[in-house]
Amino acid sequence: MRTLVVGATGFVGSRLVRALEEGGHDVVAFSRSADSESFPDGVEPFAGDLGDPESLEGLCDGVDVAYYLIHSLTSKDFAELDRRYAARFREIASEAGVDRVVYLSGISGDETDLSPHLASRREVETVLAEGSFDLTVLRAAVIIGPESASFRIVDDLTDRLPVLVVPQWVRTPCQPIGIRDAIEYLTGLLTVPESRGETYDIGGPSVCSYESLLRMTAARKRRTIRIVPVPVMTPKLSSHWLRFTTDVQYAIARPLAESMRHPVTVREDHDLQDVVPIDRTPIEAAIAESLADSARADKQL
């Protein structure tokens, strides 16, 4: 099967490319910086920019399944860019006869009072759904992994501050998922025809709060932290607070912080686990794997 990964050099995309290639698929890896040195042997790099239509010629030729992993959080007008890029990709994929598209979106609780970040994710779902292909949407909460922006915020906080004066959203329920499980879901659905045209939530085997996630991460690093939630720190104020407490780009941290006020747990009637059952990784184990991967990467620098 010829598969295309759009956003192939990102945190999820790079791992998905590797998993698809190992699974015997013919993989095309698309990003602005794609080159043969970025991917395993046998993967076809395709360098292009969704903002430059001329660079996209032939992108979807012969493609059976495309994974769309583009999110433009680093830009002030990320919602407009995501809307435009999704529409452009939809037209290219439809004209080329792509059979199926898989989009990785975000869980957003009860779908009311959405943050700009989550509202944009929903809009992209709607834009892609207008294509001639079958669309499968997977919605995830925090993905635990060494390059995940959400988890890097947690990691940075537990490194730097023994006493955390934090927003009330630290007690919001969430259902994190390890990156290895997210990749297994993304690849596993290819062999499940009933997942076509459907929307699913994906998460780990248990629900926790952001406070618990902070404590588990600190404990894994053998650090002691004290967490003091305060009600006066609004989502907007907490996003400014993150500017001083994490290395994650402020343009990325701000919309993520604004989204953390929403409970992000898997809905029972939309759980992909019912359709693509996998042996899910416990949260503590996913944290340990992420920290170990980060430590190995640091040693190689």
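Since the structure is predicted, the reported quantities are computational estimates derived from the model, not experimental observations.

Draft legend 1. Broad picture of the overall build of the chain. A tally of regular secondary structure across the chain gives nine helices and 13 strands. Taking all 301 residues of the chain together, the buried fraction comes to 54%. Considering only contacts within the chain whose residues lie at least 6 apart along the sequence, 76% involve residues at least 24 apart. Surface exposure of the chain reaches about 13500 Å², of which carbon and sulfur atoms provide 48%.

Draft legend 2. A look at the pattern of salt bridges. Tallied over the full model, the rule gives 18 salt bridges. A salt bridge links R267 to D201; its shortest N-O distance comes to 2.9 Å. In this pair, R267 sits in the loop between α8 (250–259) and α9 (283–300) while D201 sits in strand β11 (residues 199–202), placing the two residues 66 residues apart along the sequence.

Draft legend 3. Highlighting helix α3 (residues 116–129). Taking 1.5 Å per residue, 14 residues should reach 20 Å; α3 reaches 20 Å between its end C-alpha atoms and fits that length. The set of residues buried in α3 consists of H117, L118, S120, R121, R122, V124, E125, V127 and L128.

Draft legend 4. The arrangement of a negative patch on the surface in detail. Taken together, the side chains of D52, E54, E57 and D61 make up a negatively charged region of the molecular surface. For E54, a relative accessible area of 72% gives the class exposed.

Draft legend 5. How the structure looks around the pairing of strand β5 (residues 100–106). Taking burial as the measure, the seven residues of β5 include seven buried ones, the bulk of the element. Side-chain alternation along β5 places R100, V102, L104 and G106 on one buried face and V101, Y103 and S105 on a second face that is also buried. As paired elements, strand β4 (residues 65–68) and β5 share four bridges and run parallel to each other. Bridge pairing in β5 links Y68 to Y103.

Draft legend 6. The arrangement of the packing of helix α1 (residues 11–22) against helix α5 (residues 179–188) in detail. Interaxial distance between α1 and α5 falls to 10 Å at its minimum, and their mutual angle equals 55°. Overall, the two elements α1 and α5 adopt an arrangement that is oblique. Crossing angle aside, the handedness with which α1 passes α5 is right-handed. Contacts from F11, V12, R15, L16, A19 and L20 of α1 reach α5 at I179, I183, L186 and T187. The residue makeup of the contact of α1 with α5, split by class, is eight nonpolar, one polar and one charged.

Draft legend 7. Up close: the nonpolar core. Residues V5, V12, Y67, L138 and I202 are the most contacted members of the largest nonpolar core, which totals 34 residues. Put simply, the parts of the chain that give this core at least two residues each are α1, β2 (26–31), β4, β5, β6 (134–140), α5 and β11. Once residues lying within four places of it in the same chain are set aside, the contact partners of Y67 are L4, V5, V6, L16, L20, V102, L186, T187 and L190. Formed by 28 residues, the second largest nonpolar core is a distinct cluster that contains F30, A86, V98 and F133.

Draft legend 8. Quick look at the sheet that holds β5. Read from one edge of the open sheet, seven strands run β3-β2-β1-β4-β5-β6-β11, paired in parallel fashion. If you trace the sheet from one side to the other, it starts and ends with β3 (44–47) and β11, each paired once. Going from strand to strand, the sheet's axes swing by 20° on average, the running direction of each strand aside. Direction of pairing for β5 relative to β6: parallel, over a ladder of seven bridges. Each residue of the ladder has a partner; that of S105, found in β6, is R139. Where helix α2 (residues 78–96) meets the sheet, its contacts fall on β1 (2–6), β4 and β5, and the angle it forms with β4 comes to roughly 175°. Against the sheet, α3 contacts β4, β5 and β6, and its axis sits at roughly 170° relative to β5.

Rules behind the numbers
Residues numbered from 1 in each chain as written. Predicted model: local features only at pLDDT ≥ 70, side-chain atom pairs only at ≥ 80, totals over all residues. Heavy atoms only, no water. Helix = DSSP H or I, 4+ residues; strand = E, 2+ residues; numbered from the N terminus. Buried < 20%, exposed > 50% of the residue type's maximum accessible area, 1.4 Å probe, protein only. Contact = heavy atoms within 4.5 Å. Areas by Shrake-Rupley, 256 points an atom, 1.4 Å probe, with all protein chains shown as cover. Salt bridge = Lys/Arg side-chain N within 4 Å of Asp/Glu carboxyl O. Expected span 1.5 Å × (residues − 1). Patch = residues over 30% accessible without salt bridge, like charges linked within 9 Å, V, L, I, M, F, W, Y side chains within 5 Å. Lys, Arg positive; Asp, Glu negative; His and termini not counted. Charge placed at Lys NZ, Arg CZ, Asp CG, Glu CD. Pairing = 2+ DSSP bridges. Axes fitted to C-alpha atoms, helices over the stretch in contact; angles between N-to-C directions. Parallel < 35°, antiparallel > 145°, perpendicular 65-115°, else oblique. Left-handed = near helix turned anticlockwise from the far one by under 90°. Nonpolar A, V, L, I, M, F, W, Y, C, P; charged D, E, K, R; others polar. Core = buried A, V, L, I, M, F, W, Y, C linked by side-chain atoms within 4.5 Å.

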